[in-house]
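Spelled out from the first residue to the last, the chains are:
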Amino acid sequence: MITATDSAGPSGAGAPGAGEASTVVRRPALSPSRAGDFKQCPLLYRFRVVDKLPEQPTPVQVRGTLVHSVLERLYSLPAAERVPERAKALLVPAWEELAAEQPDLARVFREDELKPETAWLESAGKLIDTYFKLEDPRRLEPEACELRVEVEIGNGVLLRGFVDRLDVAPNGDLRVVDYKTGAAPRQIGEMRALFQMKFYAVALWRLRGVVPRQLKLIYLRDGEALAYAPDEGELVRFERTLEAIWRAILRAGETGDFRPSKSKLCDWCDHKAHCPAFGGSPPEYPGWPDPDLGAETALDRAD
Ligand code: SF4
C-alpha cells in the first residue's frame with residue numbers, strides 16, 4: 001500500500017485530501033458509484049466519467065444532498081441539541097448554502113411548477129422526522145461524518161470515496177453508516193447499496209487494519225434500517241472483484257470499447273439519446289486517461 005488517508009468534513013468530490021496541495025494532479029481512482037456504473041453498463045460509465053456528459057439532477061437527488069448535509073450538521077451540535085426541531089431548523093440554511101455553492105442544484109426547481117420549493121423542503125423535513133424514528137442522535141458520538149477515504153489496494157488500484165458516518169465503539173469496533181434517500185426501487189437499489197458498503201468496508205479495513213463490525217443502511221423513505229456484518233474472507237474476495245473491475249475499466253479505456261448493457265435501470269439513464277441500444281450514437285471517443293477519473297459527486301453520495 002502506498003497511499004492511505006481518511007479525513008472528515010464537508011469537502012467537494014474534487015477536493016484534495018489531507019496533505020495534498022491543490023495543484024497536485026490526482027491519480028485515477030475507483031469510487032463505489034463509478035464502479036457500480038461500470039458493472040451496470042460500461043457505456044454509462046464512459047458517458048459519465050470519460051465524456052462527462054451533463055446530467056440534469058432531479059429534485060429527489062437534490063433533496064438527498066440536502067438531507068445528508070443536515071444530518072452532518074446535526075452531529076456537529078452538542079448531543080443534547082440533536083432533536084427533530086433543531087434538525088429541521090437546519091434545512092433552510094443548509095439549502096441556502098448548497099444553492100449558493102452549487103447553483104446547478106438550485107436550477108432544478110425553475111422548470112418544476114408541480115413541486116415548488118416549499119413543498120420540497122417539507123418533504124425533506126419528513127425524511128428528517130423518519131430519521132429520528134430510527135436513531136436517537138443524542139446517544140451517538142460518531143467519529144466522523146462525510147469521511148473521505150482513499151487507499152491503495154492490490155495491483156495499484158486506488159479506492160476513493162466518502163462515508164456518510166463512521167461510529168467507533170469504545171472497544172474499537174467500527175460501524176459504517178449510509179443514509180439512503182433516493183426514489184429507486186428498493187430491490188434495485190439494495191444490491192448497489194451493498195456493493196457500496198462493501199467498498200467502504202474494504203477501504204476502512206485496509207486503512208485501519210480492522211474489519212468493520214457492521215455496515216448499516218438507513219432508508220429514510222421507507223423508515224427501515226438494514227445491518228450487515230462482513231467477514232475478512234468476504235472482503236478479500238470483494239477486493240479481488242474491485243481489482244477485476246478496475247482492470248476491465250482500463251482495458252475498455254485503452255480501446256474505447258465501452259458496451260451498452262440494457263436493463264431496467266435504463267429508465268433512470270440521462271443518456272439514451274447517445275446510446276446505441278436506444279438508436280442513438282455516442283460522441284467520438286475523447287481518449288484516456290483523465291486525472292479526475294472516477295470522482296464522485298455530492299449527488300452520488302446522496303442517492
Ligand atoms: S440507456 Fe441503458 S444501455 Fe444505454 S447507456 Fe444508459 S444505462 Fe447503458
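Sequence positions are assigned chain by chain, starting from 1 and proceeding in written order. Per-residue local features of the predicted model are confined to residues with pLDDT of at least 70, and side-chain atom pairs are confined, for both listing and counting, to 80 or more; whole-chain, interface and lining totals are unaffected and use all residues.

Engineer: Hey, could you go over the environment of Arg 208 for me, with residue numbers and the actual values?
Structural biologist: Helix and strand labels come from DSSP, where a helix needs a run of H or I of at least four residues and a strand needs a run of E of at least two; each type is numbered from the N terminus. Tracing the sequence through the fold places Arg 208 in helix H8 (residues 186-208). In sequence terms Arg 208 and Leu 174 are 34 residues apart; their C-alpha atoms lie 9.8 Å from each other.

Engineer: Describe the confidence of the model for the protein, and please don't skip the residues or the numbers.
Structural biologist: Across the chain, each position has a pLDDT score giving the predictor's confidence in that residue, from 0 to 100. Mean pLDDT over the protein works out to 86, with 82% of the residues at or above the 70 mark. Looking across the protein, the model is least confident in helix H10 (residues 298-301), with a mean pLDDT of 58, and most confident in helix H4 (residues 84-89), with 97. Here contacts are defined at the residue level, using C-beta atoms placed from the backbone and a cut-off of 7 Å between them. The low-confidence segment residues 9-23 (pLDDT under 50) makes 19 contacts with residues lying over four places distant or belonging to another chain.

Engineer: How would you summarise the pairing of strand S4 (residues 174-180) if you had to cite specific residues and measurements?
Structural biologist: Buried means a residue has 20 or more other C-beta atoms within 10 Å of its own C-beta, exposed means 12 or fewer, and partly exposed covers the counts in between; C-beta atoms are placed from the backbone. With six of its seven residues buried, S4 lies for the most part within the structure. Looking at chain direction, strand S3 (residues 158-168) and S4 are connected through four bridges and run antiparallel. Of the residues in S4, the one forming a bridge with Arg 165 is Val 177. Here a strand pair is declared whenever DSSP counts at least two bridges between the two strands. Between S3 and S4, which pair antiparallel in sequence order, lie five residues; one of them, Gly 172, sits at a positive phi of approximately 95°. Two elements, S4 and strand S5 (residues 214-219), share six bridges in a ladder whose sense is parallel. Note on S5: the bridge partner recorded for Asp 178 is Leu 217.

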